Amino acid sequence: MTRKIVLYLMMLTLVGRADEGMWMPQLIDALNFKDMKKNGFKLTAEQIYSINKASMKDAVAIFGGGCTAEVISNKGLILTNHHCGYGAIAGLSTVEKDYLKNGYFAMTNNEEIYCKGLTVTFIKRIEDVTAKVLTNVKQEWSEKSKDSIIQFNIKELEKTARGTTQLETFIRPFYYGNEYYLFVTEVFTDIRLVGAPPESIGKFGRETDNWVWPRHNADFSMFRIYANRENKPSAFSADNVPFTPAYSFPISLKGAEKGDFTMVYGFPGRTQEYLTSYAVELLVDQQDPLRVELREKRLKIMAEDMKRNDTLRLMYATRYAGVANAYKKWKGEMLGLKKSDAVNKKKKTESDFINLFANDAAKKEKYSALMGQFQKIYADYAPLSRQYDYFTECLWGIDGMRMAGNFITVFAELKKKQAGKENKFGEVLKNATPLIPFRNYNKETDKKICKSMLATYKANVDPSLMPNYLDSMITVYKGNTDELSDFLFANSSFIDNKKASVMFTDFEVNAALYERDPLYQLAAAIYSHYQKTVVPQMTYYDREITQLQKEYMQGLRENVANRKFYPDANGTMRITYGKVADYNGRDGIEYKHYTTLDGLVEKNKTGEEDYFVKQRLLDLYDKKDFGMYADKNGKLRTAFIGSNHTTGGNSGSPVLNKSGELIGTNFDRNWEGTMSDVMYNPAFCRNITLDVRYTLWIVDKYAGAGYLLNEMKIIK
Ligand code: ARG
Ligand code: ASP
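Everything quoted here is computed from the prediction, not taken from an experiment.

Caption draft 1: Structural view of the site of ligand 1. Around ligand 1, a shell composed of His83, Lys203, Glu207, Asn210, Trp211, Ala321, Asn325, Phe667 and Asp668 is seen. Here a nitrogen atom of ligand 1 sits 3.0 Å away from a polar atom, N or O, in the main chain of alanine 321. Within the side chain of aspartate 668, one N or O atom sits 2.8 Å away from a nitrogen atom of ligand 1. Relative to its unbound accessible surface of 340 Å², ligand 1 loses 88% to contact with the protein. At the level of elements, α12 (310-339) and β20 (662-669) are the ones that each hand at least two residues to the shell around ligand 1.

Listed below in structure tokens is the structure:
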């Protein structure tokens, strides 16, 4: 081999992988537009993002706290996932009117139901504010000092940018603080539920299918944004009218075939693509396995109780889904990273990086030292991370414990109030119990969780690292954590529905009594122990790690020629593009790139509980009345996969074809592919998209809400 080829092969680990990347829309023209064109994209960069003209960005929104939604009509109709609307739908549901179980579709605007607390956020513009954020930051300062002036600058800049407008603003660091961008947003708060399929369809396959391909759930729900007469955000009011968006996506019924260009426009939450081998090793060998193990125990207890009756099932539905989701993701991530030999690949990337400086002794020295620092810091960090996980995933995994812990600030504010100082007592008291109303809490279930968690904690945490109070309680109960749990649950007001409901009226009067509550005492001791012995050190290391990552990132960007580096996901607007693509799962298994309703029926026939559907769906399937939604061969396609690089937060994102038409809604990834948060592997990282034809078929034929299609722009 020639030297050139050897050098090229050697550097391959530094080069980006095909289809990898989450790009900032305002920079797409400068960075990727040529490549997108080459891959088949037909529109202009201005049609993707413009601050002067209506563009796609005006139809992509942050849905609630952590999902994406897209506008699909000029009357403010938005489409997102069922699992994104889940909290809102569950919030509107009661045992009598169970919209989760039965689904809901408004048949007129009047039947659209306001969802308290739900928001939809649009991005008005994005601006590079790096220089402004770093004003007055001195290189020689400690990371902590730098951080505090940066935070100060950010607050000021956000305030100035907001000015007297009704707009909101936020600034986020990119590339570990090498750059900063400002986002000016418009937040709508009158959001109403338009329609959602029954859970048996929206969440068909439940936890069995979650994070798994092939998929058959119609994971969608629809909402409508309401605005005041000036088309501006307004609190809920009967006078509000459907919002008129600047842009809405046309919907194509043409589908997508293998190899077709696709792009996903949304708000990916968090990725860590530039971690070093030391961090990945910690993740695979310690963090993921421990978190998985702890969650498994809680999930089993919840699942058993949810099977008991509908009340318990509804009570725990949202919480179970949340706990299960990350649990399964971590499991898949571990698998994928091991299968890809990720740690060694990262090591190779690091040595390739150092080898770039064969002719530059100073840089070689600098970056070798940097890698040494990474190694050292992670060695110190690992035991802290373990302790922290035993706090958050084990002790704080007991709902009652966490809930009682929330009262620490309530007591603190009350003390201020009693001392005649300025205080937020009323507000924090109201916020202290996220589980209120208590219909969302079952004492017996939580007591079982408490027993399991305390036993696990005692078995795995060295007494010298335990909160003294907990250690002595365990000693008092002669090591019997079950009896300790029984005691706590028998004697605490915080987890007792009746007592706790009184608590809100008499809290101030009986505060001294509540402060002596055994569960509160224990929670407060646990919290303060971790706040003192673990959190400050973790924060210190996190800051140091960010600084090291910042230098590494800068090193990569400055020295690796021909590679465009995308910033890690950070909850801001991004574009990712790729193709419809199948993949090889394991040896001997090839996964096709799409599924059809046939597969749903096949799964249903297994009789497994997670594959239950109502007879109505099976009847419709038998009639094969797929109308304009059918594929050429008369089948109804349900989902497809592609090589778009996505992550949590991308759920609900519009999946667009080469002409910018909506062909589906992003909702998940394949199991092994979840490693893409740390390392994207083009061979098997796939995003899963709900085919929009399945969505519309459900709306039209299943729910009988075909009238909604009249306001959409459908391309046949
Ligand atoms: N795995 C998908 C995403 O992270 C869907 C989650 C829906 N929740 C569930 N537990 N099934 O978030
Ligand atoms: N299901 C995820 C979400 O809710 C998407 C993913 O992680 O791929 O955003």
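That covers the picture; the talk isn't over yet.
Caption draft 2: Structural context of unusual backbone geometry. Along the chain, tryptophan 213 connects to proline 214 via a cis peptide bond; the corresponding omega equals 0 degrees. Of note, asparagine 231 is a non-glycine position whose phi angle comes to about 70 degrees, a positive value. When you line up the elements, asparagine 231 lands in the loop between β10 (221-227) and β11 (241-242).

Caption draft 3: A look at a positive patch on the surface. There is a patch of like positive charges on the surface, built from Lys37, Lys42, Lys254 and Lys658. Note that lysine 42 resides in the loop between α3 (33-38) and α4 (45-48). Residue lysine 42 is classed as exposed on the basis of its relative accessible area of 52%.

Caption draft 4: Structural view of the site of ligand 2. Around ligand 2 sit His83, Trp211, Thr647, Gly648, Gly649, Asn650, Ser651, Phe667, Asp668 and Arg669, and those are all the residues in its vicinity. One nitrogen or oxygen atom from the main chain of glycine 648 is found 3.0 Å from an oxygen atom belonging to ligand 2. The element contributing the most residues to the shell around ligand 2 is β20, with 3 residues. Classifying every residue of the shell around ligand 2 by side-chain character gives 2 nonpolar, 6 polar and 2 charged.

Caption draft 5: The arrangement of the state of the cysteines in detail. Here the structure, examined in full by the defined rule, presents 1 disulfide. Through a disulfide, cysteine 67 is tied to cysteine 84; the S-S separation comes to 2.1 Å. On the S-S bond that ties cysteine 67 to cysteine 84, the torsion sits near -75 degrees, and the link is left-handed. A residue pair is termed long-range when its members are at least 10 positions apart, and cysteine 67 in strand β2 (residues 67-71) and cysteine 84 in helix α5 (residues 82-92) qualify at 17 residues.

Caption draft 6: Local environment of the packing of aromatic side chains. One pass over the structure, following the stated rule, counts 43 aromatic pairs. With centroids separated by 5.6 Å and ring planes inclined at 65 degrees, the aromatic side chains of tryptophan 23 and tyrosine 566 adopt a geometry described as edge-to-face. Of this pair, tryptophan 23 sits in the loop between α1 (3-11) and α2 (28-31) while tyrosine 566 sits in the loop between α24 (535-559) and β14 (574-579), and the two are 543 residues apart along the sequence. Relative accessible area serves as the criterion here: at 7%, tryptophan 23 is assigned to the buried category. Connected via pairs of aromatic rings, a cluster forms that spans Phe353, Phe357, Tyr367, Phe374, Tyr378, Tyr381, Tyr540, Tyr541 and Tyr552. Over the face of the ring belonging to phenylalanine 684 we find lysine 339, whose NZ or CZ atom lies 4.5 Å from the ring centre.

Rules behind the numbers
Residues numbered from 1 in each chain as written. Chains lettered and ligands numbered in written order. Predicted model: local features only at pLDDT ≥ 70, side-chain atom pairs only at ≥ 80, totals over all residues. Heavy atoms only, no water. Near = heavy atom within 4 Å. Polar contact = N/O pair within 3.5 Å; in protein donor to acceptor, adjacent residues only side chain to side chain. Areas by Shrake-Rupley, 256 points an atom, 1.4 Å probe, with all protein chains shown as cover. Helix = DSSP H or I, 4+ residues; strand = E, 2+ residues; numbered from the N terminus. Patch = residues over 30% accessible without salt bridge, like charges linked within 9 Å, V, L, I, M, F, W, Y side chains within 5 Å. Salt bridge = Lys/Arg side-chain N within 4 Å of Asp/Glu carboxyl O. Lys, Arg positive; Asp, Glu negative; His and termini not counted. Charge placed at Lys NZ, Arg CZ, Asp CG, Glu CD. Buried < 20%, exposed > 50% of the residue type's maximum accessible area, 1.4 Å probe, protein only. Nonpolar A, V, L, I, M, F, W, Y, C, P; charged D, E, K, R; others polar. Disulfide = S-S within 2.5 Å. Phe/Tyr/Trp six-rings, centres within 6.5 Å; stacked < 30°, edge-to-face > 60°. Lys NZ or Arg CZ within 6 Å of the ring centre and 35° of its normal.

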